[in-house]
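Here are the chains, one letter per residue:
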Amino acid sequence: MAPLAILTVLVTGAALTGCGRQRDSAAYTVMNSSTDETYHRWDAQAMARCGERLGVTIEQQSVPAAQVMTKALRMASSKSLPDIVQFDASEMPTFADAGGLIDLRRLGLSTGNTPQGIINFGSYKGTYYGAARSVNTLALFYNKDMLAQASLKVPGTWAELRDTARKLTRGKRYGLALSAGGAEDGVFQFLPFMWSNGGDENRLDGPRVIEALDFWKTLLKDGSLSKSTVNWTQADVNDQFMAGNAAMMINGPWQIETLNTKKSLHWGIARIPVPRTGAGSVGPLGGAVLTVPNTGDTAREKTAGRIVACLSGEREQLTYALNSWMVPADVEAAALWRKRVPELDALAGQVAAARSRTAELGAGWSSVSLALQSAFQSALTGESSKAALTSAQQRATSGK
C-alpha cells in the first residue's frame, strides 16, 4: 500500500481536477471484488434491478479483493475513478483519510434502520462513508455426528472447548481447525479470543491479549490443533473440516455454500466459546461497504448515492444475504432473514455483538494487523506469547 502522504496527493488531485475521461451520462460503474462467478452474477442481477428502477445503466467491474485498493489508487492518479467502489471495510478508512470519499449522508442515505455497530463499520472519524449490504463474522462450526458419537455437547467456554477438542482428536483427525496464518485471515480469527477476553488492539502486549494467544498455544500443545494451522487460510480450514480431518472449526458464513455441497456432512453452528461463563462472545465484523469516490462531479456523485441506496436497501439486502449466507445490515431485513434461515440464528446473534476492526484505530489498523500476524507465527512456533506480543506492540507503535 502506498504511504498515506502519497495516497493523499493522488486522491486529492483526482478530486480537485475532476474526471479525466469523458463518461456516458447514463452509465455508472461499480468496482468490486466479485470475481467469483456466483457473486458476480448476483451483483449483476442486483445492479440490473437498481438500474431499471433508477433509469440508468450500471456496469460492474470486478477485480481480486487484494487489488481493489491498488486499482483505486491507479484510477485516482489517472483521474478515472469509478462512480462507486466497494472496499473491504478494513481498507475504507485509508481512502477516506486521504479525502477520497463522499459523506453518504450528504447524498441522502439514511441509517435509521441500521444498528450503530454497523454504522461504525462503514464510518471513519464519525463520518458515514460506506454502506454495507450485508455483514459477517466468525462462528464455531461443528460436525454433529462426531460430537454425538463421542456423547459431547457443543462447547460454550474455553475450558469446554479445550476439553471437547482434546476428546475429539483421534488419529489423523484434529478436534479443532482454525487459521493462524500470517495474513488477515489469522488476525480475523484471533480477534474473538482477544476481544472476548477483554484484550485491546491499542495494547497488544496487555495481559488479556497474552492470555488469548496462550490459549491457542495450549490447544496446539494438546494436539487438538494441527501444526499446519500457522499456514492455513480460512479456505484451508474449511477443506479440513469437510474432509473429516477436523471435528470443529472457526470459520464464517461464506463457507456455507461449499459445506452444503457435501450432503453427508451434518454440521451445526454456535457462538465462539468465551473465556468464562457469562462473558460476551465478541467477534469482528467482516464484509464490504459501498462508497462514492470524490471525483468532483457533484451530479454524478448524487446519482451514485442513489445507486448505493438502492443496492443497500432492505429488498436488495435480503436477496443478497439469502444468496450469500451473510447477515443483512438493515434491522428489518435481518429479522426476515432470521425467519428464513433459523439454523443460522447463532450467527445473527454473533453479528449483533460484533465490532469493526477499524473502529478504534481507523487507518492505523493495518500496522496492528501486520504486527499480530508476525506474533502468531512466532508464538505458535516456539516463542513465548509475551515476547511475541511485546515485539508486536513495538512494531505496531512504530508503524513498521
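Residues numbered from 1 in each chain as written. Predicted model: local features only at pLDDT ≥ 70, side-chain atom pairs only at ≥ 80, totals over all residues. Heavy atoms only, no water.

What follows covers the overall build of the chain. Along its length, the chain carries 17 helices and 12 strands. Taken against the 2.2 N^0.38 rule, which gives 21 Å for 400 residues, the C-alpha radius of gyration of the chain at 21 Å falls within 12% of a compact globule. Taken over 400 residues, the chain has a buried fraction of 55%. Considering only contacts in the chain between residues 6 or more positions apart, those separated by 24 or more positions represent 75%. When the 41 positive and 35 negative side-chain charges of the chain are each reduced to one mean point, those points stand 4 Å apart. (Helix = DSSP H or I, 4+ residues; strand = E, 2+ residues; numbered from the N terminus. Rg over C-alpha atoms; globule rule 2.2 N^0.38 Å. Buried < 20%, exposed > 50% of the residue type's maximum accessible area, 1.4 Å probe, protein only. Contact = heavy atoms within 4.5 Å. Lys, Arg positive; Asp, Glu negative; His and termini not counted. Charge placed at Lys NZ, Arg CZ, Asp CG, Glu CD.)

Looking at the element boundaries, serine 369 is found in helix H16 (residues 365-379). A polar atom in the side chain of serine 369 sits 2.9 Å from the side chain of glutamine 373. The residues contacting serine 369, other than those within four sequence positions of it, are Glu184 and Val187. (Polar contact = N/O pair within 3.5 Å; in protein donor to acceptor, adjacent residues only side chain to side chain.)

Another point: the environment of arginine 306. Inspection of the secondary structure assignment puts arginine 306 in helix H12 (residues 298-311). Owing to a relative accessible area of 44%, arginine 306 belongs among the partly exposed residues under this scheme.

This next bit is on the confidence of the model for the chain. Taken residue by residue, the chain gives an average pLDDT of 91. The fraction at 70 or more is 94%. Across residues 1-6 the pLDDT falls below 50, and counting only partners more than four positions away or on other chains, this stretch makes five contacts in the model. Scored below 50 in pLDDT, residues 16-20 makes eight contacts in the model with residues more than four places away or belonging to other chains. (pLDDT = per-residue confidence, 0-100.)

Here the focus is the state of the cysteines. Under the criterion given, the structure shown has one disulfide. Residue cysteine 50 pairs covalently with cysteine 310 via a disulfide, S to S 2.1 Å. Between cysteine 50 and cysteine 310, the S-S torsion sits near -90 degrees, and that sign places the bridge as left-handed. Of this pair, cysteine 50 sits in helix H2 (residues 37-54) while cysteine 310 sits in helix H12, and the two are 260 residues apart along the sequence. Pair check on accessibility: cysteine 50 and cysteine 310 agree, each one buried. (Disulfide = S-S within 2.5 Å.)

A few words now on the pairing of strand E7 (residues 139-143). Most of E7 is tucked away, with five of its five residues classed as buried. Taking every second residue as pointing to the same face, both faces of E7 are buried, with Ala139, Phe141 and Asn143 on one and Leu140 and Tyr142 on the other. Both E7 and strand E9 (residues 246-251) contribute to a ladder of four bridges, which runs antiparallel. When the bridges of E9 are listed, alanine 139 appears paired with asparagine 251. (Pairing = 2+ DSSP bridges.)

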